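Listed below are the residues making up each chain.
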Amino acid sequence: MSLAFLQEKRPLSRKEAVLLTFTLSWPTILAQLSSVFMQYIDASMVGRLGPMESAAIGLVASSTWLLGGLSFAFTTGFIVLVAQQIGARDEKTARNLARQGILVSLGFGLVLMALGLLASPVLPYALGGEDAIAPDATRYFQIVCLSIPLMQGISPELMAVNTRDDIKRWWEVVDRTAGRVVPPQDWSYDEKSGNVTV
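What you see is a predicted model; the values in this text were computed from it and never measured.

Cut-off values and rules
Residues numbered from 1 in each chain as written. Predicted model: local features only at pLDDT ≥ 70, side-chain atom pairs only at ≥ 80, totals over all residues. Heavy atoms only, no water. Core = buried A, V, L, I, M, F, W, Y, C linked by side-chain atoms within 4.5 Å. Buried < 20%, exposed > 50% of the residue type's maximum accessible area, 1.4 Å probe, protein only. Helix = DSSP H or I, 4+ residues; strand = E, 2+ residues; numbered from the N terminus. Contact = heavy atoms within 4.5 Å. Expected span 1.5 Å × (residues − 1). Bend = angle between axes of the 7 residues up to and from the residue. Patch = residues over 30% accessible without salt bridge, like charges linked within 9 Å, V, L, I, M, F, W, Y side chains within 5 Å. Areas by Shrake-Rupley, 256 points an atom, 1.4 Å probe, with all protein chains shown as cover. Salt bridge = Lys/Arg side-chain N within 4 Å of Asp/Glu carboxyl O. Axes fitted to C-alpha atoms, helices over the stretch in contact; angles between N-to-C directions. Parallel < 35°, antiparallel > 145°, perpendicular 65-115°, else oblique. Nonpolar A, V, L, I, M, F, W, Y, C, P; charged D, E, K, R; others polar.

(A) Region of the structure containing the nonpolar core. If you look at the biggest cluster of nonpolar residues, it comprises 11 residues: Ala56, Leu59, Val60, Leu67, Leu112, Leu123, Ile133, Ala137, Phe141, Cys145 and Ile148. Where this core is concerned, the elements lending two or more residues are α2 (51-87) and α5 (134-151). Every residue in contact with Ile148, bar those within four places of it in the chain, is listed here: Leu67, Ser71, Gly109, Leu112 and Met113.

Right, here's the structure in full:
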């Protein structure tokens, strides 16, 4: 599906809106389904350890999701900024933003880790846990908190140009001087230089 009709600045028909929503959202939907599937696998593996261990992990699961969500959201903000600079062909600014993003995200991850470690002894009780599962829940949450700085890095793959898929199908090249979308047959991409030629 070409996104050229978005440049026309006209209202979308219902069919176009549904098609656009599906086209833009299916990769995220698949990623989320994959994540849920992996969580089921994790839960089944923990379930084999025993009911008390499952209860301990389940007790702090919402808190681990909160920390993961905050980490991901913070990193995503920098990815968007870097992607905008790559799109504008300002590699120097993109590299500077990527470096800043890694450092600031690492710092944010260390702060989240420290807060999580401070909260870990009381968190299971605050969530209604009993003495039988609280120590295991605390240890599990501490392990998750210790891994937060490792999860904060901005993955180079997220900022790399995707040439694995059909670029003529998924890319949209815009001539900013004319303010129009360039038809796929009128442009080419050189992977070595990273340049699009119109």
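Additional details are given in the paragraphs that follow.
(B) The arrangement of helix α3 (residues 91-119) in detail. Here α3 is 29 residues long and its end C-alpha atoms lie 41 Å apart, about the 42 Å a rise of 1.5 Å per residue gives. Inspection of α3 places Ala94, Leu97, Ala98, Gly101, Ser105, Gly109, Leu112, Met113 and Gly116 among the buried residues, and these make up the whole buried set.

(C) Examining α2 more closely. Taking 1.5 Å per residue, 37 residues should reach 54 Å; α2 reaches 51 Å between its end C-alpha atoms and fits that length. Remark: the principal bend of α2, roughly 45°, maps to Ala61. Along α2, the residues classified as buried are Ala56, Leu59, Val60, Ala61, Ser63, Thr64, Leu67, Ser71, Thr75, Phe78, Ile79 and Val82. Where α2 ends, the next residue or the one after it, Arg89, has phi of about 60°, a positive value.

(D) Seen up close, a nonpolar patch on the surface. Where nonpolar side chains cluster on the molecular surface, the patch consists of Phe22, Trp26, Ile29, Leu30, Leu33 and Trp170 and spans about 600 Å² of accessible area. Top element by residues in the nonpolar patch is helix α1 (residues 14-49). It accounts for five residues. Structurally, Leu33 can be placed in helix α1. The exposure class of Leu33 is exposed, given its relative accessible area of 54%.

(E) Inspection of the packing of α2 against α3 at higher detail. In the contact formed by α2 and α3, the axes pass within 9 Å of each other and the chain directions differ by 170°. By the angle between their directions, the pair α2 and α3 is classed as roughly antiparallel. Between α2, through Leu67, Leu70, Ser71, Phe74, Thr75, Phe78, Leu81, Val82, Gln85 and Ile86, and α3, the contact on the second element is made entirely by Thr93, Ala94, Leu97, Ala98, Gln100, Gly101, Val104, Ser105, Phe108 and Leu112. Along the lines of polarity and charge, the residues of the contact of α2 with α3 split into 13 nonpolar, seven polar and no charged.

(F) Examining the pattern of salt bridges more closely. Across all of its chains, the model carries one salt bridge by this definition. Its salt-bridge partner being Asp136, residue Arg139 comes within 2.5 Å of it at the nearest N-O pair. Here Arg139 and its partner Asp136 are both found in helix α5, three residues apart, which amounts to about one turn of the helix. For Arg139, a relative accessible area of 47% translates into the label partly exposed. Exposure remark for Asp136: the relative accessible area of 28% places this residue in the partly exposed category.

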